[in-house]
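Below, each chain spelled out in residue letters.
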Amino acid sequence: MRPATWPSWLRRTLSVLSPVVLALVGAWIALSVAGTTQAYAGPLAIDVAFKPTIGGESIIRLDPVGAVVLDTHQGPVTLDISVREVDLDGLNGIVQDPNTLSSLDEEITNGIQDVLVDAAIRAALAAVIGAALAAGLVLRSVRRALLGAAVAAVAVVGTYGLAALTYDPESVREPAYTGPLAAAPQLIGNAEDIATNFDAYADQLAGFVTNVAAVYDTTLNLETFQPTDDTIRVLHVSDLHLNPAAWDIIDAVAEQYDVDVIVDTGDIVDQGTPVESAYVRPIGELGRPYVFVKGNHDSVATAAAVAAQPGAVVLDGEAGEAVEVAGLRFAGAPDPRFTPDKSVRGIPDDTIRTGTEDFADDAAELDPPPDVIVFHDPSHAELFDGIAPLVLSGHAHKRDTYTLDEGTRVMVQGSTGGAGLRGLRDEEPTSVNLSVLYFNPETKRLVAWDDLTLGGLGQTSAEIDRHQADEDEGAAQGPEDPSPAPDLEN
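Predicted model only: the values in this text are computed from it and were never measured. Position labels on residues start from 1 in each chain and follow its written sequence. Only residues with pLDDT of 70 or above have their local features reported here, since the model is predicted, and side-chain atom pairs are shown and tallied only from 80 upward, although totals for entire chains, interfaces and linings are computed over all residues. Heavy atoms throughout the structure, all of them, feed into the side-chain values; hydrogens and water do not.

We count a stretch as a helix when DSSP gives it H or I for four or more residues in a row; a strand needs E for two or more, and each element gets its number in order from the N terminus. Looking only at helices and strands, one finds 9 helices and 19 strands in the protein. Only protein chains enter the accessibility calculation, which uses a 1.4 Å probe. A residue is then buried if its area is under 20% of the maximum for its type, exposed if over 50%, and partly exposed in between. A total of 490 residues make up the protein; the buried ones form 48% of that total. Long-range contacts, defined here as pairs at least 24 residues apart, represent 66% of the contacts in the protein between residues at least 6 apart. When the accessible surface of the protein is totalled, it reaches about 22700 Å², and 55% of it is carbon and sulfur. Any two residues whose heavy atoms approach within 4.5 Å are treated as being in contact. All accessibility values rest on the Shrake-Rupley procedure with a 1.4 Å probe; residue burial counts only the protein chains present in the view.

Below, the discussion takes up the nonpolar core. Remark: nonpolar core denotes a set of buried residues (Ala, Val, Leu, Ile, Met, Phe, Trp, Tyr, Cys) joined through side-chain atoms within 4.5 Å. Membership of the largest hydrophobic core comes to 32 residues, with the highest contact counts inside it found for L235, W247, I262, I268, Y279 and Y290. Excluding its chain neighbours within four sequence positions, the residues that come into contact with I268 are L240, H241, L242, W247, Y279, V280, I283, Y290, F292, D298 and T302.

Our focus in this paragraph is the sheet that holds strand β14 (residues 390-393). Strand pairing in a sheet relies on backbone hydrogen bonds. The paired strands run either parallel or antiparallel. Here, strands pair whenever DSSP counts at least two bridges between them. Taken in spatial order, the 6 strands of this open sheet run β11-β12-β13-β14-β16-β15, and their pairing is mixed. For this open sheet the edge positions go to β11 (323-325) and β15 (400-403), each flanked by a neighbour on one side alone. Here the average twist between neighbouring strands, direction ignored, is 25 degrees. Summarising the sheet, β14 and strand β16 (residues 409-412) pair through 4 bridges and their orientation is parallel. In the strand pairing of β16, V391 is matched with V410. Under this scheme, a helix contributes an axis fitted over its contacting stretch, all axes are lines through C-alpha atoms, and angles between N-to-C directions fall in the 0 to 180 degree range.

What is expected of a backbone is that most residues other than glycine have negative phi and most peptide bonds are trans. Look at the link from D367 to P368: it is a cis peptide, with omega at 0 degrees. Turning to its location among the elements, P368 is positioned in the loop between α9 (348-364) and β13 (372-374). At D267, a position not held by glycine, the phi torsion is positive, near 60 degrees. Looking at the element boundaries, D267 is found in the loop between β8 (261-264) and β9 (290-292). Note on D267: relative accessible area 0%, which makes it buried. We note that A326 has phi near 55 degrees; this positive angle belongs to a residue other than glycine. Locating A326 in the fold gives a position in the loop between β11 and β12 (328-332).

Right, let's get into the confidence of the model for the protein. The quantity known as pLDDT measures the predictor's confidence residue by residue, on a range of 0 to 100. Mean pLDDT over the protein stands at 77; residues scoring 70 or higher make up 68%. This stretch, residues 473-489, has a pLDDT under 50; its non-local contacts, to residues over four places away or in other chains, come to 38 contacts.

Salt bridge, as used here, is a side-chain nitrogen of Lys or Arg placed within 4 Å of a carboxyl oxygen of Asp or Glu. Taken as a whole, this structure holds 8 salt bridges when the rule is applied. In this structure, E382 engages R353 in a salt bridge whose closest nitrogen and oxygen atoms are separated by 3.7 Å. Of this pair, E382 sits in the loop between β13 and β14 while R353 sits in helix α9, and the two are 29 residues apart along the sequence. Since its relative accessible area comes to 40%, E382 is described here as partly exposed. What makes R353 partly exposed here is its relative accessible area of 32%. Bridged by salt links that share partners, the residues D335, R337 and D377 form one connected network.

This part is about the side chain of S435. Relative to the helices and strands, S435 is located in strand β17 (residues 432-439). Judged by relative accessible area, S435 falls into the buried class, the value being 3%. Dropping the residues within four chain positions of it, S435 is found in contact with V234, L235, H236, R399, Q413, D450 and D451.

A few words on helix α4 (residues 142-166). Look at α4: 36 Å from first C-alpha to last across 25 residues, which is about the 36 Å you get at 1.5 Å a residue. Restricting attention to buried positions, one finds in α4 the residues R144, A145, G148, A149, V151, A152, V156, T159 and A163. A helix is expected to span 1.5 Å for every residue after the first.

Taken together, the side chains of V117, I121, L125, I129, L133, L137 and V138 make up a nonpolar region of the molecular surface, amounting to roughly 700 Å² of accessible area. Within the secondary structure layout, L133 lies in helix α3 (residues 98-139). For patch building, the residue pool is restricted to those with more than 30% relative accessible area and no salt bridge; the joining distance is 9 Å between like charges and 5 Å between nonpolar side chains (Val, Leu, Ile, Met, Phe, Trp, Tyr).

The next thing to look at is the environment of D465. Note that D465 resides in strand β19 (residues 462-468). Judged by relative accessible area, which is 41%, D465 ranks as partly exposed. Once the C-alpha coordinates of D465 and T453 are considered, the two residues, 12 residues apart in sequence, prove to be 8.6 Å apart. With near-sequence residues (within four places) excluded, D465 lies in contact with W449, D450 and D451.

Further remarks concern the packing of aromatic side chains. Only the six-membered ring of Trp is used, alongside the rings of Phe and Tyr, when aromatic pairs are assigned; centres must lie within 6.5 Å, and planes under 30 degrees apart are stacked while those over 60 apart are edge-to-face, with the rest tilted. Evaluation of the coordinates by the stated rule reveals 6 aromatic pairs. On the basis of an interplanar angle of 70 degrees and a centroid distance of 5.6 Å, the ring pair of F359 and F384 is categorised as edge-to-face. On the criterion of sequence distance, the pair formed by F359 in helix α9 and F384 in the loop between β13 and β14 is long-range, its members being 25 residues apart. Across this residue pair, the class does not change: F359 and F384 are buried. Members of the aromatic cluster, each reached through a chain of ring pairs, are W247, Y279 and Y290.

Take helix α8 (residues 300-307) next. Turning to α8, its buried residues number three or more, namely T302, A303, A305 and V306. All buried residues of α8 lie within an arc of 160 degrees about the axis, which places them on one face of the element. On its buried face, α8 is in contact with β9 and β10 (312-314). The N-terminus of α8 is capped by S299, whose side-chain oxygen sits 3.3 Å from the backbone nitrogen of A301. The arc in question is the one spanned by the directions pointing from the helix axis to the C-beta atoms. Polar contact is defined as a pair of N or O atoms within 3.5 Å, subject to the rule that within protein one atom must be able to donate a hydrogen and the other to accept it, and that residues adjacent in sequence are counted only when both atoms are side-chain atoms.

The next thing to look at is the pairing of strand β18 (residues 446-454). Remember that side chains alternate between the two faces of the sheet whenever the strand is regular. Most of β18 is tucked away: 8 of the 9 residues are buried. The sheet contact formed by β17 and β18 spans 8 bridges and is antiparallel. Within the sheet, the bridge partner assigned to F439 lies in β18 and is L446. Counting the residues that bridge the hairpin from β17 to β18 gives 6 residues, and of these K444 lies at a positive phi of roughly 65 degrees.

In structure tokens, the structure reads:
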């Protein structure tokens, strides 16, 4: 049947509906093709798009880490924000400047607000132009093109208006996570608490570093062991967990104590994702060897990123020999677990015991024996007894030291990152722990050490305890379980 023979009511209906349908289709296509706005918000390069959908929501994409979905509004439009790139040079400059850190959140917030306005205008113009072109080209009528543009304009105004009227600012308290970020609420904690506390934590950074100098001056006047120029000095750190403040503290202590090597016993990041690998770049700027062993929160990619830094040495347990750094022979192996991988949860004790046994067997065959064993989790440190005079570890976020039956000393470091981001969620601050160890250059044995404890969130205290190995030989055998369950917390 030809259109001319159609009933008049059908022709009138199609005459009205056709430009409307074509306008909506044209607007949809235009938004998909040209509706994305690219801009910078602080150090973040972001893409912002308003996409027509059935249900309204806001999505923040952090590829490849995952996405955060917020039920922010009602209406047939989704706000899609993607972090396309991070300006690492700019970010490093921000992290190194405490004054800039304190205003970073405001800068990013204001930047995103400006981008959202620009993106909304761009999306509206793209929808109107796309609607006009679709209706005009298909129906070959200027009048129909104008009608299509009008339809799109009304649809945009109605959609924006509905989104504004139904906007729920409380939606940020109940985010939905996708991808690896799905583990974020359990591993990191309440995002609002972290954001609130980080400002306060950043404000204390200058005080931390200033107090490091005061602590060092105190050690010069201690009436106990005094290191000589030949004494080998080792800085023991652990469990940084992505805390950017940790690098300035490590650098300050390393400079003040003129350490020969830094030993990191793992959990330098939190999720082990490639995005987090950029965090380890300051290692190359410390100007001294950095010995690292993988923790249960570090991935193979994390270890590779550390190994790529100038001066870094990653102990992988596969070389079959100890690595000599700064006159000491170090042997170490990676933690056999990867906590962010949900498939390995539930059997941490079996896994870590087997891994410790395997590494202990290999280390026992080294000739000459190592001076220091580096292993992240000390749960089964007794398996190293007699293999080396000293074992360095972390994981428990609580400092401890004890001597085993055959004379091997185990030193468990607290968290040099103050438990990282998760340490900012609690009202009770987590202290920042690191230690300077002194070794006899002839015997390669530990003779003394300084335990440095810096106040956590909201505090600028700095304390130092000097210990001498010969005075501490009768120490207790350590806690029954220096690695408290569940492992997910560490």
